[in-house]
Every structure is written in structure tokens, then in C-alpha cells.
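# Secondary and tertiary structure notes
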Amino acid sequence: MYCKSCGAENSDSSNYCWQDGAYLAGDGRAYQLLTPKNESVYCSNCGEKVAETDNYCQSCGKELFLYKGTEREKQIKPAVSLGFPAFQFSYLKKAFIPSISAFILMLILNAALFLFEQHKFDDLIQNISENNQYFNFVEDLSREVNTDLYPLSHPIGLTDVVMFTHLVEPTFHFSVNGSAGYGDTGSMKGTLHIDTLFLLLIFIPIFSSFCIGVFKGRKQRTDSFYEQIYTAAAIGLIYGIFLSVFSLFSGFSFDRSFASQYYKIHLDFHTSYSFIQCFFTGGFIAAIFSLIGMLFARDYRHFTSHLIGNVSFGHAIHQGFSTFIRGLVSVMAVTVIVVLIQVNKWKENLALLLDVSGMDKMTENTSMFATLVGTQLGAFIWNLLHLSPLTNHWKWEDSEGELTYSLFSGLNSSHPEFLPSDADLMNLLDPPIYLKLAVLIPIFLCLFAGYRLTMKNGLSFKEIAVFSLTYSFFMLCLAGISNWTVGTTFFSSDNNLEQSFHFSLGFHLFGVFIRSLLFSYLFAVLGGYLAKKRHIVN
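Residues numbered from 1 in each chain as written. Predicted model: local features only at pLDDT ≥ 70, side-chain atom pairs only at ≥ 80, totals over all residues. Heavy atoms only, no water.

Inspection of the entire model under this criterion finds 17 aromatic pairs. When the ring of F103 is compared with that of Y239, the centres are 5.6 Å apart and the planes differ by 70°; the resulting orientation is edge-to-face. Remark: Y239 occurs in helix α5 (residues 225-247) and F103 occurs in helix α1 (residues 90-130); sequence separation between them is 136 residues. With a relative accessible area of 9%, F103 lands in the buried category. Here Y239 falls in the buried class, since its relative accessible area comes to 0%. Pairing F279 with F280 gives two aromatic rings, centres 5.2 Å apart and planes at 80°, and the pair type is edge-to-face. What makes F280 exposed here is its relative accessible area of 55%. (Phe/Tyr/Trp six-rings, centres within 6.5 Å; stacked < 30°, edge-to-face > 60°. Helix = DSSP H or I, 4+ residues; strand = E, 2+ residues; numbered from the N terminus. Buried < 20%, exposed > 50% of the residue type's maximum accessible area, 1.4 Å probe, protein only.)

So, about the pairing of strand β8 (residues 399-406). Here strand β7 (residues 390-396) pairs with β8 via seven bridges, running antiparallel. Within the sheet, the bridge partner assigned to K395 lies in β8 and is E400. Taken together, β7 and the strand that follows it, β8, pair antiparallel across an intervening segment of two residues, in which E397 is found at a positive phi of about 55°. Bridge count for β8 against strand β9 (residues 410-413) is four bridges, and the pairing is antiparallel. From the neighbouring strand, S406 faces β9, where its bridge partner is G410. (Pairing = 2+ DSSP bridges.)

A word on the confidence of the model for the chain. Per-residue pLDDT for the chain has a mean of 78; in total, 71% of the residues score no lower than 70. Confidence, expressed as mean pLDDT per element, reaches its minimum in the chain at strand β1 (residues 29-34) with 44 and its maximum at helix α13 (residues 461-482) with 92. Ignoring residues within four places in sequence, the model shows residues 27-34, a span with pLDDT below 50, making 19 contacts including any to other chains. (pLDDT = per-residue confidence, 0-100. Contact = heavy atoms within 4.5 Å.)

Turning our eyes to something else, we now look at the environment of N10. The residue N10 is located in the segment before β1 in this model. The exposure class of N10 is buried, given its relative accessible area of 4%. Sequence spacing of N10 and S224 is 214 residues, and the spatial spacing of their C-alpha atoms is 8.6 Å.

Turning our eyes to something else, we now look at helix α9 (residues 366-384). With 19 residues, α9 extends 26 Å from end C-alpha to end C-alpha; this agrees with the ideal 27 Å at 1.5 Å per step. Extensive coverage of α9 is indicated by the burial of 15 of its 19 residues. (Expected span 1.5 Å × (residues − 1).)

The biggest cluster of nonpolar side chains holds 69 residues, and the ones touching the most others in it are M163, F324, W382, L385, F467, L478 and F507. With eight residues, α13 is the single largest residue contributor to this core. If sequence neighbours within four positions are ignored, F467 has contacts with A316, Q319, G320, T323, C446, A449, L453, S520 and A524. Residues F225, Y226, L291 and L295 belong to the second largest nonpolar core, which totals eight residues. (Core = buried A, V, L, I, M, F, W, Y, C linked by side-chain atoms within 4.5 Å.)

This part takes up the side chain of T323. Note on placement: T323 falls in helix α7 (residues 314-345). Classification of T323 by relative accessible area gives buried; the value is 1%. If we skip the residues at most four places from it in the chain, T323 touches L445, C446, A449, F467 and Y471.

Right, let's get into the packing of helix α4 (residues 203-219) against helix α6 (residues 275-298). Each packed pair of helices is defined by two parameters, the angle between the axes and the distance between the axes. Direction vectors running N to C along α4 and α6 enclose 40°, while the axes themselves pass 6 Å from each other. One element, α4, and the other, α6, form an angle in the oblique class. The two elements α4 and α6 cross, and the hand of that crossing is right-handed. Within the contact between the two elements, α4 uses P205, I206, S209, F210, G213, V214, K216, G217 and R218 and α6 uses I285, A286, F289, S290, I292, G293, M294, F296 and A297. Split by residue class, the contact of α4 with α6 holds eleven nonpolar, five polar and two charged. (Axes fitted to C-alpha atoms, helices over the stretch in contact; angles between N-to-C directions. Parallel < 35°, antiparallel > 145°, perpendicular 65-115°, else oblique. Left-handed = near helix turned anticlockwise from the far one by under 90°. Nonpolar A, V, L, I, M, F, W, Y, C, P; charged D, E, K, R; others polar.)

Helix α12 (residues 440-457) packs onto α7 with a crossing angle of 155° between their chain directions and a minimal axis gap of 10 Å. Here α7 lies roughly antiparallel to α12, going by the angle between them. Seen from above, α7 lies across α12 with right-handed handedness. Judged by residue contacts, H315, A316, Q319, T323, R326, G327 and V331 of α7 engage I441, L445, C446, A449, R452, L453, K456 and N457 from α12. Residue composition of the contact of α7 with α12, by class: seven nonpolar, five polar and three charged.

Time to look at a nonpolar patch on the surface. A contiguous nonpolar surface patch, about 820 Å² in accessible area, is contributed by L237, I241, V245, L248, F249, F275, I276 and F280. Secondary structure elements with two or more residues in the nonpolar patch: α5 and α6. Within the element layout of this structure, I276 appears in helix α6. (Patch = residues over 30% accessible without salt bridge, like charges linked within 9 Å, V, L, I, M, F, W, Y side chains within 5 Å. Areas by Shrake-Rupley, 256 points an atom, 1.4 Å probe, with all protein chains shown as cover. Salt bridge = Lys/Arg side-chain N within 4 Å of Asp/Glu carboxyl O.)

Within the fold, S482 resides in helix α13. Judged by relative accessible area, which is 0%, S482 ranks as buried. In terms of polar contacts, S482 uses its side chain to reach the backbone carbonyl oxygen of L478, at 2.7 Å. Those residues in contact with S482 that sit more than four places away from it in its chain are Q376, A379 and F380. (Polar contact = N/O pair within 3.5 Å; in protein donor to acceptor, adjacent residues only side chain to side chain.)

Before going further, it helps to examine unusual backbone geometry. Of note, L167 is a non-glycine position whose phi angle comes to about 60°, a positive value. By the secondary structure assignment, L167 is in the loop between α3 (158-165) and β3 (171-180). Residues other than glycine seldom take positive phi values, yet L387 does so here, at roughly 70°. Its location among the elements puts L387 in the loop between α9 and β7. According to the relative accessible area criterion, L387 is partly exposed, its value standing at 43%.

What follows is the structure, encoded as C-alpha cells:
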């Protein structure tokens, strides 16, 4: 099918042209020319006698037949509903090369990041290990037995960086088993689970999937919307499988055994990553952002607006996604600028403070440091603006505590003894007025979304509910990937000592979803009533 407006080729299932948006199904009417039989005996113009077979009068040239325009029904393709067509194996074949290309591009970008930042990783580990008793013990033992037992010369490699950029957190395992010459045996083992990765790292797989989606979309412009959805899902499936297999070869492993006339010792230290998490995280990122890339290739200015007319409640889904992106990007951009100004202002003091933990190298590139920290803080602030409290929970053996920080009530705890006793410090921790005023940003955006929905389709509570569900879903995803957790376990057979520690900083996911749902729905409905009132006045 070719567009009657611009001549671009479109698929037969298209309702609108991908090039200029022209409607392809026509106005629903087709015209047929009928020439009824001439039964006149005389010309109505000059009165001369005419034959039954004459089309024109031989005397004056008057036409003797009539053109009669009649309408006949023409079938119009309805807007596509939520009923998906059947998935075909051909989509996997079409997605195989793009999936490989996205994975290779991601590896190239990660390799560049690793080469650029490798010395900082090594310096960080070196500074940490110099003041750690466990590593000092291993180093002394290495000199005593004249064997290389030091496991952390280069603990972070390219495979680890690939996992980090997909926000797949590592789990470190260590165990020590030994026996003395007089028959005593003992063992120690433990784990360390770290989920404190910076949100900005996910930009690499997002960018790779998006670029491949743009290339795929430009190459196959005639694909229908549902064909693009299936292709993106197939890309995500294959990409997730690749990343899961890649995780089996990620991390490092250290295994050493040595003996003397007095003792025998075996050391094991290795890293692991979740196979299942790699599959779902990698697949989700590749599917969502390759689809966005394909839509972007059609119209980069309004790429999610293609949902309108192709999916039931497409306009509501479009508004939910675009409202979330506009707000999050705006808050992150402002936060990065503020952090950059503060880092430059307090750079020397900050480097001195971080030097205690061996992280002073991170402040050398202030713009990179501000971007990493600013995007993470921006994600936290965006959730705070929806009235979700930031929660810090920790548990150490039999001790457990929790602190919460909310936009309007400040710092609170179920255990008052955990709160600072200094009144000046409590006042300092109170949310500043400009942060409280920033709640107007999501309020305005939700009002505007409800206004747009009502002006286009009328006030529909179903449309607004779908908008709120879409918006809350992305808020839930943001909270899930921005939360920080650290957990450790330790066991020693000498005295059957077992210890554990857990620390988390972030938001309760269910609370974020419910608060965002109610927040967005309330103000979108209010925006809808404002649009309805304006329409009545006009």
C-alpha cells in the first residue's frame, strides 16, 4: 500500500502513513459511475428526435445519459485492539542478528569504560586491602610459604563491568579450611552481597539496544506496530540468553592450597552472579529500548505517540511514559548541576573524607563523579516528590533499626535512640523549602497529562486509570533499580560463631507503587476537570 499524500510504502495493515501520518483507509465511501439506459425519444435541449442507442444528440450535441453517483460500503480496517496476532518463529530469525549486534556494541562500550577506569578500580582495591586484617593475613602467609596467595591484584575485570552496567550485583564467597600437625581442624566461610551500583551505569546497555532498534526500524519501515513489538520481544529474549551465558564466565576465582610441617590450609575466594537475574534484566532492557529505538526511527519527535490508534488506551500509555520521563530527566539534570557545584566547592574536604575509605580517586574527575552521584540522588528525590519515604534499614546480629526520611516530616525512626540528639543537626537534616516546593513538578506534569487526555478523548476515568498504572509501573521499576543493599554472612567452626549483617537504603516497592498510583490519578483527574470546564466555557 502506498500513501496517497507522500507516496511512501506502508504495510497493508497500517491505518496511518509512517512518513507523514496521512490516513490510509480513506473516508469510508467509494463512488461508482452508473450510466442508465437512455429511454428518451426527443432531445431535452433542442427537441430533435433521437435514437435509443444515441449517447449524444446529433443536432445539438447534448449528452443523453446521466452520471449517477452512488455510495457503496467499503471495509475500513479498524484500529488495532489489544488482541495480539500469533507469534511466529520468523520473528526470532529476524531478531537474531540485531541481538548479536546489540550485545557486541555493549561489549565494546564496556571495554572502553573498563580501560578508561581500570586504574581507579585497582587503586580502590589496593587502598582498601592495605588496612584490612584479612588481606594482611593473606599477604603475610604468602611471604611465609613463598607462594602467591594474594587474590585481589586485579579482582575486577571486563566481565564484572558488563554485569555492573546491567545492574546485576555480585556475591563474593570465601572459605578457609585448615588443619594443624597435632590434629586440630577448623574452617571459616562467608559471603558478601553488594547491590550498591550507580544507576547511570545502565546507560550502556540502554544505548546499545536503542541504537540497534533505530537501525532495525529504519531498515524495515513497513513493519506494523505489532510486528515491531514481537521483534523487540525476540531481541530481548535472545539478548537475555546471551547475557545469562556470559554471566557463567564472569567474575574471578582464587583457589590455593599449601602445606608445611605444622599445618595445611586451603583458601577459596570467588565471585558469582545470578543467572536468572541476568536473563530477566538483560532481556527487559533490550526489549524495551530496542522497541523505543524502532519507534524513534519512525518519528523522533513523538516516538511513543505511535501507540495512539494502534493500541487500546494508547494515548494514556503514551502520556504515562512521557510524563515519567519528562519529570525524571528534569529532576536528575538539576540534581547533577547542584552536585557538581557542591563538589567543586568542597572538593578538597571531600577528597580528604573519602581518603579514609580509599575512594579519593573518584573525585579526580569531578564531572563524572557529579554525574554518577547526581543521577542516583535524582532518582531518590523523584520518589520523595511522590511522598514516598526513603528508608534506611539495618540488622546486625540481634540489633535492628530503621530510619525514614520523608519530604514533609524529615528524619524519623521507630527507635528514638537512633535519632541524633543534637537539635541543630536535626534542623540541618530537615528538608529544605526548595525541595518541598519541587513537589509542584510532578503535580504539574500529572495535571497536564490529565488535561491532554480529556481534551482529546473527553473525561474518561478508564483512560486516566491506565495512565496512572503506566506511570506507577515505571516508578516501581525506578525504585527497584535504584535501591542499595549490602548483606554479609560469616561462620567459624572453632566456636560455632555465626554472624550476619544487612544494610539497605531505598524505598519499599509496594509503597512506591500505591503512592504513585494515587498521586498521579488524583492530579490527572483534576487536570481532566480543568479541561472539561474550559471546554464548556468555550
